[in-house]
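In case you want the letters, here they are:
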Amino acid sequence: MPSDEGRVDRRPAGMLEEEVLAALWAARSPLSPAEVQAELGTLAYTTIMTTLARLERKGLATRRRVGRGFVYAPAVDEAAHTAQAMEDLLARRSDRAAVLAQFVSRLSPDDEQILQQLLREGDD
């Protein structure tokens, strides 16, 4: 979709992979590339195929032959994937304490309570 300057707006890096993974996580069974394409709407079939192949190479999706084609399923669950992404991002920052402090200060009261409970359970 063109922006005000006439450029085509692009997804942020990794966003397409996240969208494809979300479609796989939401599915009750493995999906073909055509089924992923139908879930996501306007993307080209070749874009979906490339993204699924990339996810498989990264170990984030599995591929299984069905008939003449393939179906894909997530290799990791959403919580584990998100936790790994958070850990990777934190590892790239020089002041981990400041990042964690900012993160905690922005939690909703309910999320803060959940985090406190999880930390208490980790001490057991």
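Residues numbered from 1 in each chain as written. Predicted model: local features only at pLDDT ≥ 70, side-chain atom pairs only at ≥ 80, totals over all residues. Heavy atoms only, no water.

Asker: Can you lay out the layout of surface pockets for me, pointing to particular residues and giving the numbers?
Answerer: Taken as a whole, the largest pocket spans an internal volume of roughly 530 Å³. Taken together, 18 residues make up the lining of the largest pocket; nearest its centre are Met86, Glu87, Leu100, Phe103 and Leu115. Broken down by secondary-structure element, the contributors of at least two residues to the lining of the largest pocket are α4 (78-91), α5 (96-105) and α6 (109-123). Tallying contributions element by element places α4 first for the lining of the largest pocket, with 9 residues. Residues of the lining of the largest pocket, tallied by class, amount to 14 nonpolar, 1 polar and 3 charged. (1 Å grid on protein atoms, 1.4 Å probe; cavity = no way out; pocket = protein on both sides within 12 Å on 5 of 7 lines; lining within 4 Å. Points joined across faces, edges and corners; volume = space filled by probe spheres on them. Helix = DSSP H or I, 4+ residues; strand = E, 2+ residues; numbered from the N terminus. Nonpolar A, V, L, I, M, F, W, Y, C, P; charged D, E, K, R; others polar.)

Asker: Summarise the pattern of salt bridges; cite the residues concerned and give the values.
Answerer: Using the criterion set out here, one finds 3 salt bridges in the structure. Among the ionic pairs, Glu17 bridges to Arg54, the shortest N-O distance being 3.9 Å. Here Glu17, found in helix α1 (residues 15-26), pairs with Arg54, found in helix α3 (residues 45-57); they are 37 residues apart in sequence, far enough to count as distant. Classification of Glu17 by relative accessible area gives buried; the value is 12%. Via salt bridges that share partners, Glu17, Arg54 and Lys58 belong to a single interconnected network. (Salt bridge = Lys/Arg side-chain N within 4 Å of Asp/Glu carboxyl O. Buried < 20%, exposed > 50% of the residue type's maximum accessible area, 1.4 Å probe, protein only.)

Asker: How would you explain the nonpolar core if you had to name every residue and give the values?
Answerer: In this structure, Val20, Leu21, Leu24, Val36, Ile48, Leu52 and Leu55 are the most contacted members of the largest nonpolar core, which totals 14 residues. Of all the secondary-structure elements, those providing two or more residues to this core are α1 and α3. If we skip the residues at most four places from it in the chain, Val20 touches Val36, Leu40, Ile48, Thr51, Leu52 and Leu55. (Core = buried A, V, L, I, M, F, W, Y, C linked by side-chain atoms within 4.5 Å. Contact = heavy atoms within 4.5 Å.)

Asker: I'd love a proper account of the pairing of strand β2 (residues 69-74), names of residues and values included.
Answerer: Here strand β1 (residues 61-66) pairs with β2 via 6 bridges, running antiparallel. From the neighbouring strand, Arg65 faces β2, where its bridge partner is Phe70. Taking the residues between adjacent antiparallel strands as the criterion, β1 and β2 are bridged by 2 residues, where Gly67 takes a positive phi near 65°. (Pairing = 2+ DSSP bridges.)

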